[in-house]
Amino acid sequence: MPAPFRATHLPRWADPSIPSSSLDAQGASRRTFLGLGMAGGLALAVGAHAAPGAAAATSAAPTDPALAWLVGDHHVHTRYSHDAKYDFDQLARKGAEFGLDWMVFTEHSNHGHADKGAAAEHAEIIAARERNPRQLIFQGLEWYIPAAEHGTVMVAPGPHEVDLLRAFEQQWDGKLNGWSADLPENEARAVAALRWLAARKSERYVDDVLVLANHPSRLGIDSPHELRAWRDAAAGICIGMEGAPGAQGDADPAWVAYRGSTRAQRGEYSNAPRTDSFPGYPVEAYRTFGGFDWMTATVGGLWDALLAEGTLFSVTSNSDNHRTIWDTWRDGDMPPGETFDSLGWKPSPTDTGSPQPGSDFWPGEFSRTHVGVTRHGYRNVMDGLRRGRVWVDHGHLVDALDVRLVAQDGRSRTLGGRLAVDRGTRVELRVVVRTATRANPHGVVPRLAHLDVIRGAVTGAVANRDTWRAPDTRVIEQFDTGARTGTYTVRMPLGRITEPCYVRLRGSDGNRHGAGFLGSAIDPAGPISHPDNDGDPWADTWLYTNPIFIDVT
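The structure presented is a predicted model; accordingly, all values stated were derived computationally and were not measured.

*Asks:* Help me get a handle on empty space enclosed by the protein, residues and values and all.
*Replies:* On inspection of all chains with the given rule, the structure shows 4 cavities of 30 Å³ or more. The volume enclosed by the second largest cavity comes to roughly 40 Å³. G246, A247, Q248, N318, S319, D360, F361, W362, F366 and S367 are the residues that line the second largest cavity. Residues that form the lining of the second largest cavity fall into these classes: 4 nonpolar, 5 polar and 1 charged.

Shown next, in the form of structure tokens:
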């Protein structure tokens, strides 16, 4: 059994020994939510890691446990990246200020980073973990995937975490090794790299490692067959993709007017097809829809095509913080004769007193990834990500969410799970929502206007691994929730289940929507792209949940 540890290792809002009066508004709301509408109360265990065999026991249980939802960001850059500027402590403090329970620092690959920067940052992370064990700080890497875009590599803390990251960067990074060209041998190297990570985990060199594809539609170079190859390369390593990229402030009209930009788009998705882009993507794929990547935002699109094969593939949302809009700090001055590669980092930034170029929000300020756990710890966050117990939101749209499919015999499964039923069994969708109880960082109390239920058929593996369509997926119901506040439950009978399928949810503030990319018959009120320079992120916020699968026996 793992050794217990102090209550300070628990999130304050989940620790019953701390009076509710001492919590901030969000913490009090999240704690209250645990006792309202969920399947049983949460007893958040005080263990650093899940006990041996816990995963198998949970998956065999008739009902998934109640979960605490830890808020995080798996894509953050510091001055240990060549194109970012903030000190490690600046970002850690901002993450805490905006309610993050966990963060992953993912520096760009560079020779200077691999040679010096990764080890230097690791020393800072170790010190930060000791100062504040409540905030879970992972060290990671933004991998230049051979022949493709970028990806987050995150590693569980342990004696070899930084050694694994440095070895991986040197041996498998596409930029460092000159493997950016769209060639079959480079695509094969990406698959080999994921298998290399799986081998390091299998031999217990590290406790755990995960990979997620970052901003997958930005350049059109992550083809459907590559995403499928990464997913299939090694079970449980590449578990998903960013459903929404960072740089969400790029097209804020006030910021655009201040800096005089043109062609600004949320996510910095202002590109067009190039010679190495996948030719099967439409030109619309190079824009975000409601701030979300086209692959995720299109009902019946690529994300659904992956889910329709019957295999979980998660989506996340994060800041990709490099340079925050309206922030006044500039890059630190390099010592004479030094470069980023010679040092492995950039000097600390300097406050100028006037806004500097940027397109990002602080970690947790706008984009949030919620991960369901039963214990508080690093491996538990990673286990929740791998299980797909994930929902994401922008603009702090709601305080809390619990989603379950419940069979007529009372068995239930939550996000990322699989509910096995006999053919003809009745199943009901149950959603518990806790609406926003406080102003978000923009000073507005968000309002959830509607919840959309999306259902897709599971049809199995595809013959054409470059297909991006799921023709049997569509919005089957939209619930008007605009007048509802507090904690409430939405129930929807799905009828008798006769074929394998999945269900996922989407919601928004209702400010900007229209017919989905594949037509109103599939998605009557989905997210839409915005004109250049007119993408106020705070006035167009959405949430997405991972799917729950129904297997028919």
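*Asks:* If you had to explain unusual backbone geometry to someone new, which residues and values would you point to?
*Replies:* Notably, H215 is not glycine yet its phi reads approximately 30°, a positive angle. Note that H215 resides in the loop between β5 (209–213) and α7 (224–233). Residue D320 is not a glycine yet carries a positive backbone phi of 45°.

*Asks:* Provide a residue-level description of the pattern of salt bridges, including the pertinent values.
*Replies:* Under the criterion given, the structure shown has 36 salt bridges. A salt bridge links R330 to D333; the shortest N-O distance between them is 3.1 Å. Between K346 and D331 there is a salt bridge, and its shortest N-O distance comes to 2.7 Å. Here D331 lies in the loop between β8 (329–330) and α11 (340–343) and K346 lies in the loop between α11 and β9 (350–351), a separation of 15 residues in the sequence. Judged by relative accessible area, K346 falls into the buried class, the value being 8%. Note on D331: relative accessible area 23%, which makes it partly exposed. Here the salt bridges do not stand alone but share partners, grouping R228, R231, D232, E309 and R465 into one network.

*Asks:* Help me get a handle on the packing of aromatic side chains, residues and values and all.
*Replies:* The description of an aromatic ring pair rests on the distance of the ring centres and on the angle between the ring planes. Scanning the entire structure with this criterion turns up 22 aromatic pairs. The interplanar angle of 70° and the centroid separation of 5.7 Å between the aromatic rings of Y281 and W294 together place this pair among those described as edge-to-face. Taken as a pair, Y281 in the loop between α8 (253–259) and α9 (294–297) and W294 in helix α9 lie far apart in primary sequence, 13 residues in all. A single burial state applies to Y281 and to W294, both of which are buried. Considering the side-chain rings of F366 and W538, the 4.9 Å spacing of their centres and the 80° angle between planes classify their relative orientation as edge-to-face. Here F366, found in the loop between β9 and β10 (367–373), pairs with W538, found in the loop between β19 (501–508) and β20 (542–545); they are 172 residues apart in sequence, far enough to count as distant. For W538, a relative accessible area of 13% puts it in the buried group. Taken together through their ring pairs, the aromatic side chains of F278, Y281, F289, W294, W468 and F517 make up a single cluster. Note that R200 overlies the ring of W196, its terminal NZ or CZ placed 5.0 Å from the centroid. One residue, R418, lies across the ring of F549, its end atom 4.5 Å from the ring centre.

Basis of the calculations
- The numbering scheme is per chain: residues are counted from 1 as the chain's sequence reads.
- A pLDDT threshold of at least 70 governs which residues receive local features in this predicted model, and a stricter bar of 80 or more applies before side-chain atom pairs are shown or counted, although totals over entire chains, interfaces and linings include all residues.
- Think of the side-chain values as coming from all heavy atoms in the structure, minus any hydrogens and water.
- Whether a set of points on the 1 Å grid over the protein atoms alone is a cavity depends on a 1.4 Å probe fitting there but being unable to get out, while an open set qualifies as a pocket with protein on both sides within 12 Å along at least five of seven lines; lining residues are those with an atom within 4 Å of a point.
- Grid points are joined across faces, edges and corners, and a volume is the space filled by probe spheres set on the points.
- Think of it as three bins: nonpolar holds Ala, Val, Leu, Ile, Met, Phe, Trp, Tyr, Cys and Pro, charged holds Asp, Glu, Lys and Arg, and polar takes everything else, Gly as well.
- Counting from the N terminus, the helices are the DSSP runs of H or I reaching at least four residues and the strands are the DSSP runs of E reaching at least two.
- When a carboxyl oxygen of Asp or Glu is within 4 Å of a side-chain nitrogen of Lys or Arg, the pair counts as a salt bridge.
- Note on classification: 1.4 Å probe, protein chains only; a residue is buried when its accessible area is under 20% of the maximum for its type, exposed when over 50%, partly exposed between these limits.
- Whether two aromatic rings pair depends on their centres lying within 6.5 Å, for rings of Phe, Tyr and Trp, where Trp uses its six-membered ring; planes under 30 degrees apart make the pair stacked, over 60 edge-to-face, and the rest tilted.
- In this scheme, Lys NZ or Arg CZ marks a charge over a ring once it lies within 6 Å of the ring centre and within 35 degrees of the ring normal.

Keep in mind these values describe shape, not function.
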